[in-house]
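Below, each chain spelled out in residue letters.
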There are 2 protein chains.
Amino acid sequence: MKAVLVVGDGMGDRPVEELDGKTPLQVAKKPNMDRIARSGTCGMMDPISPGISPGSDTAHLALFGYDPHQVYEGRGIFEALGTGIKVEPGDISFRCNLATVDEHMTVLDRRAGRIMKGGKALARALNHVGLDFYPDIKVFFKHSVEHRCSMVLRGPFLSRMVSDSDPHHDNFPIQIVRPCDATPEALRTANILNELTRKFHGILESHPTNIKRKSRGLLPANAILFRGAATLPKMRPITEIYGIKALIVSGEALTKGVCKAVGMDDIKVRGATGTLTTDVLAKAKATVENLPKYDFIYVHVKGTDSASHDGDVKQKIMMIEKIDALLGHILENADLNELIIAVTADHTTPVSVREHTGDPVPLAITGPGVRVDPVESFSEIDCAKGDLGRIRGLDLTPILMDLIGKAKKFGE
Amino acid sequence: MKAVLVVGDGMGDRPVEELDGKTPLQVAKKPNMDRIARSGTCGMMDPISPGISPGSDTAHLALFGYDPHQVYEGRGIFEALGTGIKVEPGDISFRCNLATVDEHMTVLDRRAGRIMKGGKALARALNHVGLDFYPDIKVFFKHSVEHRCSMVLRGPFLSRMVSDSDPHHDNFPIQIVRPCDATPEALRTANILNELTRKFHGILESHPTNIKRKSRGLLPANAILFRGAATLPKMRPITEIYGIKALIVSGEALTKGVCKAVGMDDIKVRGATGTLTTDVLAKAKATVENLPKYDFIYVHVKGTDSASHDGDVKQKIMMIEKIDALLGHILENADLNELIIAVTADHTTPVSVREHTGDPVPLAITGPGVRVDPVESFSEIDCAKGDLGRIRGLDLTPILMDLIGKAKKFGE
């Protein structure tokens, strides 16, 4: 038995006035989600606990069975993993911005005009840079999207207890990184970062991409701001806990990072962009193709959350219908005699609020052996009548692993 | 968006024989509670956890988001706060009885005949009393109701690790207070209390109130019994956690004390007595008047619990209908486009048991953005069909703060 879990990011909602008090899930045409609800068991799930508004990172940790209160130390490490840096225990990761500074190192624009092109080339110039005073330190630097980058430091005697160089506001100077505790490791790490600030500035200032940008009247991306120093949380991979092979199908770096941190393989799906134009059919095909090789495939679609943050109810309904088409392809092409399939959201993002909220999300699970309840439709209102009752994000992976026969008995 | 939470103390019940197996909530006429249930979401709430019978103090701590297993050290500190003593970190508080002793300091009546008059005058004579051997210690002493008083000691080197002077039974001598650990602070505090026992006895014995009482053949309230030494639990105020202004509207000292301990402002409402004759309309008016100034107003009505402890089902139904009238005034006079309103109980006190029990209590929440479920009436039976499912007291404040947009995201 295999399991596929499909998550619409921020897909949960509240009653929407322009939908006559219905939610986007209630209004969208989603025959496949309804088919899963009708043929299976439904319920409501608090990603963390009732009323707690989760980030996508903490929500995903919980969905995979890790208590974020215990393992979460910030998103930086997951983003670094997501961009493709192979983070190891002991590494220190940072979220970085390509920024614009003047000759006094005052930040003119923390995002270098939200630089759209050339970010990859600039990041490549910083990757594997050598440090004059710390030759034992390796620097991994990678571009993500727009002005966003990830950096990982590897080497002996490093600490995450250092302050940010990012002033967090424009028109302030790049901050001198300071140690946040009295250990020699923190002091050493702060010194390394301060050397990197100077070194990166030198490389970026004279980089052809920036010379080109300046000649076009664009802000040069001539400095790197560091923030959110983090280490890899101690998490036993779910692949090891349950003895499974697991795969993530997603277009978004942060989610990929969490999935890699818990031991999942990652594949690049052409057209999976993490945006509203993502190719859901390509994702569905990748899922069906990989089912023979994996016990658990996690399929993540970001667009529902993006539409919610924009307060765009039409786009949200459109994305829900795209996710439904994705489910349809899997239902039609996979061997349903050997498949547990679940659909849910990682959190609620009401289009009326445009931010994550703490409302529970609907959950439906179907497949061989699943008890069937009377719920006929997949929504925040219908699933509340389901037999699953109200569970927590932390419960989901144990339930799925139990249904595919991968759970270990507790006791005898 | 603002939130008003209305709690009927001990309002939950079990099937009552003389009501043909219905509960007081099922029988009472309560159109406003039903309106909230009908227009919102309902569920059942275990104040602590299933089957655990809570005190009013621990239940309230949980309702405001504090795990009583972690922060609760006894009701003394909350009672002291509730009577109006400004307790500070490091202070040691005691619950005290005005009692009657004979010339050998044997307790004849632990409650001095449940003294009804003169308690305030006696307590005033003990407030700010100076200690001969410990001039650096300040003594705050305040009367509550009947024989009940609160005392707070303030000064250096104090400890709550001391035994009670209260023998807990009549016809036993006042106990010598002893240190309960080997610290010099505990020994010092025990010595202070023993000096206070003698000092208070001297002041009370010759007090005009007692001379009058004796002349009328009443027992003199000529001694103070100490019990339940407690310190202020370390609790970050909810006002700080959520960045809100919060107000308590209540007539009862203990509840006020818990609310003050978690950072709420307190107002004196004329006619709010904490008894069956309390003026609920005055409380409703105070709530509506203060809504512009506060994000969260907690309205507490004690009478339902008192009626339950008396086993008086008629009075309980009458009190439920009074609470309904209170809700009616708020629903008619507040701006419902900007208001989340919730109604529940802090615990179940069945009239058949006359004591708190561990049954869950009904909960209904309505207001902008709240998902609406099909429940039409507010009771222990109807709300169990609601979409909220079964939550815990600890979940209530996060849910309300999330609905008024004051929750902070956990993660990114």
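To be clear, the structure that these remarks concern was listed above.
Small disclaimer: the values here were computed from a predicted structure and weren't measured. (Residues numbered from 1 in each chain as written. Chains lettered and ligands numbered in written order. Predicted model: local features only at pLDDT ≥ 70, side-chain atom pairs only at ≥ 80, totals over all residues. Heavy atoms only, no water.)

Some thoughts on helix H8 (residues 208-215) of chain A
Residue and element names in this part refer to chain A. Residues of H8 that are buried: Thr-209, Asn-210 and Arg-213. Summarising the axial view, the buried residues of H8 lie within an arc of 90 degrees, below the 170-degree limit, and thus occupy one face. The outward face of H8, more than 90 degrees from its buried face, is lined by the exposed residues Pro-208, Ile-211 and Ser-215. Of the surrounding elements, those touching the buried residues of H8 are helix H6 (119-126) and helix H7 (184-205). Of the residues trailing H8, Gly-217 is marked for its positive phi of about 80 degrees. (Buried < 20%, exposed > 50% of the residue type's maximum accessible area, 1.4 Å probe, protein only. Helix = DSSP H or I, 4+ residues; strand = E, 2+ residues; numbered from the N terminus. Arc of directions from axis to C-beta. Contact = heavy atoms within 4.5 Å.)

Regarding the sheet that holds strand S1 (residues 2-8) of chain B
In a beta sheet, neighbouring strands are held together by backbone hydrogen bonds and run either parallel or antiparallel to one another. Residue and element names in this part refer to chain B. In space, the eight strands of this open sheet follow the order S9-S8-S10-S1-S11-S12-S2-S13, with mixed pairing throughout. One side of each edge strand has no neighbouring strand; the edge strands of this open sheet are strand S9 (265-266) and strand S13 (389-392). Here four bridges tie strand S11 (residues 339-345) to strand S12 (residues 361-366), and the two strands are oriented antiparallel to one another. For Val-343, the partnering residue across the bridge sits in S12 and is Ala-364. Seen against the sheet, helix H2 (residues 31-39) touches strand S2 (41-46), S11 and S12 and runs at an angle of roughly 70 degrees to S12. (Pairing = 2+ DSSP bridges. Axes fitted to C-alpha atoms, helices over the stretch in contact; angles between N-to-C directions.)

Quick notes on the relation of the copies chain A and chain B
Between chain A and chain B, which share one sequence, the superposing operator has a rotation angle of 121 degrees and an axial displacement of 0.1 Å; the RMSD is 0.2 Å. Interpreted geometrically, this transformation is the action of a three-fold axis. (Least-squares fit on C-alpha atoms with pLDDT ≥ 70 in both.)

Side note on the interface of chain A and chain B
If you look at the interface, chain A gives 34 residues, while chain B gives 19 residues. Here chain A and chain B share an interface that buries about 2,000 Å² over both sides, 51% of which is from carbon and sulfur atoms. When the area that chain A buries against chain B is broken down by residue, the three leading residues are Arg-14, Pro-50 and Arg-390 of chain A, summing to 25%. Scanning the region where chain A abuts chain B turns up six salt bridges. Its salt-bridge partner being Glu-412 of chain B, residue Arg-95 of chain A comes within 3.0 Å of it at the nearest N-O pair. Seen at the junction of chain A and chain B, the total is 14 residue pairs in polar contact (both at pLDDT 80 or more). Contributing elements (two or more residues each) for the side of chain A that touches chain B: helix H3 (56-63), helix H4 (68-71) and strand S13 (389-392) of chain A. The residue inventory of the side of chain A that touches chain B, partitioned by class, reads twelve nonpolar, eleven polar and eleven charged. (Buried area = accessible area lost by both parts, 1.4 Å probe. Salt bridge = Lys/Arg side-chain N within 4 Å of Asp/Glu carboxyl O. Polar contact = N/O pair within 3.5 Å; in protein donor to acceptor, adjacent residues only side chain to side chain. Nonpolar A, V, L, I, M, F, W, Y, C, P; charged D, E, K, R; others polar.)

A short note on the packing of aromatic side chains
One pair of aromatic rings is described through two measures. These are the centre distance and the angle between the planes. Residues and elements named next belong to chain A. Summed over the entire model, instances satisfying the criterion amount to 13 aromatic pairs over all chains. Ring geometry for Phe-141 against Phe-200: centres 5.4 Å apart, planes inclined by 75 degrees, an arrangement best described as edge-to-face. Residue Phe-141 is found in strand S5 (residues 138-143), and its partner Phe-200 is found in helix H7; the two are separated by 59 residues along the sequence. Across the pair, exposure class does not vary: Phe-141 and Phe-200 are buried alike. When the ring centre of Tyr-294 is taken as origin, the NZ or CZ atom of Lys-245, which lies over that ring, is 5.0 Å away. (Phe/Tyr/Trp six-rings, centres within 6.5 Å; stacked < 30°, edge-to-face > 60°. Lys NZ or Arg CZ within 6 Å of the ring centre and 35° of its normal.)

Examining unusual backbone geometry
A positive phi angle is found at Arg-354 of chain A, which is not glycine, with a value near 65 degrees. Here Arg-354 of chain A shows up in the loop between strand S11 (339-345) and strand S12 (361-366). Arg-354 of chain A sits in the partly exposed class, given a relative accessible area of 46%. Phi at Ala-112 of chain B is positive, roughly 45 degrees, even though this residue is not glycine.

What about the environment of Glu-18 of chain B?
Residue and element names in this part refer to chain B. With respect to the helices and strands, Glu-18 occurs in the loop between S1 and helix H1 (24-27). Residue classification places Glu-18 among the exposed positions, given a relative accessible area of 63%. Along the sequence, Glu-18 and Ala-37 sit 19 residues apart, while their C-alpha atoms lie 26 Å from each other.

Observations concerning the pattern of salt bridges
Residue and element names in this part refer to chain B. A complete count under the given rule lists 48 salt bridges over all chains for this structure. Arg-188 serves as the salt-bridge partner of Asp-136, at 3.2 Å between the closest nitrogen and oxygen. Taken together, the residues span a long stretch of sequence, with Asp-136 in the loop between helix H6 (119-126) and strand S5 (138-143) and Arg-188 in helix H7 (residues 184-205) at a distance of 52 residues. Overall, the relative accessible area of 37% leaves Asp-136 in the partly exposed class.

Focus on the pairing of S1 of chain B
Residue and element names in this part refer to chain B. Burial analysis of S1 places six of its seven residues in the buried class, the great majority of the element. Here S1 runs beside S11; their pairing, made up of seven bridges, is parallel. Residue Ala-3 lies in a different strand from S11, and its bridge partner there is Ile-340. Bridge analysis of S1 against strand S10 (residues 296-301) gives six bridges, and the strand direction is parallel. Among the inter-strand pairings, Ala-3 is bridged to a residue of S10, identified as Phe-296.

A look at the pairing of S5 of chain A
All names here are of chain A. Pairing between S5 and strand S6 (residues 148-154): six bridges, direction antiparallel. Note on S6: the bridge partner recorded for Lys-138 is Arg-154. Counting the residues in the hairpin turn of S5 and S6 gives four residues, including Glu-146, whose phi is positive at 50 degrees.

A word on the side chain of Lys-322 of chain B
If you trace the backbone, Lys-322 of chain B turns up in helix H13 (residues 313-333). Not counting residues up to four positions away in its chain, the partners in contact with Lys-322 of chain B are Leu-276, Thr-277, Thr-278 and Val-280 of chain B.

Some words on a positive patch on the surface
All names here are of chain A. A surface patch of positive charge is lined by Lys-86, Lys-120, Arg-124, Lys-142 and Lys-268. Here Lys-268 shows up in the loop between strand S9 (265-266) and helix H11 (280-290). Judged by its relative accessible area of 79%, Lys-268 is exposed. (Patch = residues over 30% accessible without salt bridge, like charges linked within 9 Å, V, L, I, M, F, W, Y side chains within 5 Å. Areas by Shrake-Rupley, 256 points an atom, 1.4 Å probe, with all protein chains shown as cover. Lys, Arg positive; Asp, Glu negative; His and termini not counted. Charge placed at Lys NZ, Arg CZ, Asp CG, Glu CD.)

Thoughts on empty space enclosed by the protein
Applying the stated criterion across every chain, the model contains one cavity of 30 Å³ or more. Of the volumes computed, that of the largest cavity is approximately 220 Å³. Forming the walls of the largest cavity are 17 residues, and the residues nearest its centre are Asp-359 and Pro-360 of chain A together with Thr-41, Arg-371 and Leu-388 of chain B. The dominant element in the lining of the largest cavity, judged by the number of residues it contributes, is helix H14 (residues 393-403) of chain B, at three residues. Residue composition of the lining of the largest cavity, by class: seven nonpolar, four polar and six charged. (1 Å grid on protein atoms, 1.4 Å probe; cavity = no way out; pocket = protein on both sides within 12 Å on 5 of 7 lines; lining within 4 Å. Points joined across faces, edges and corners; volume = space filled by probe spheres on them.)

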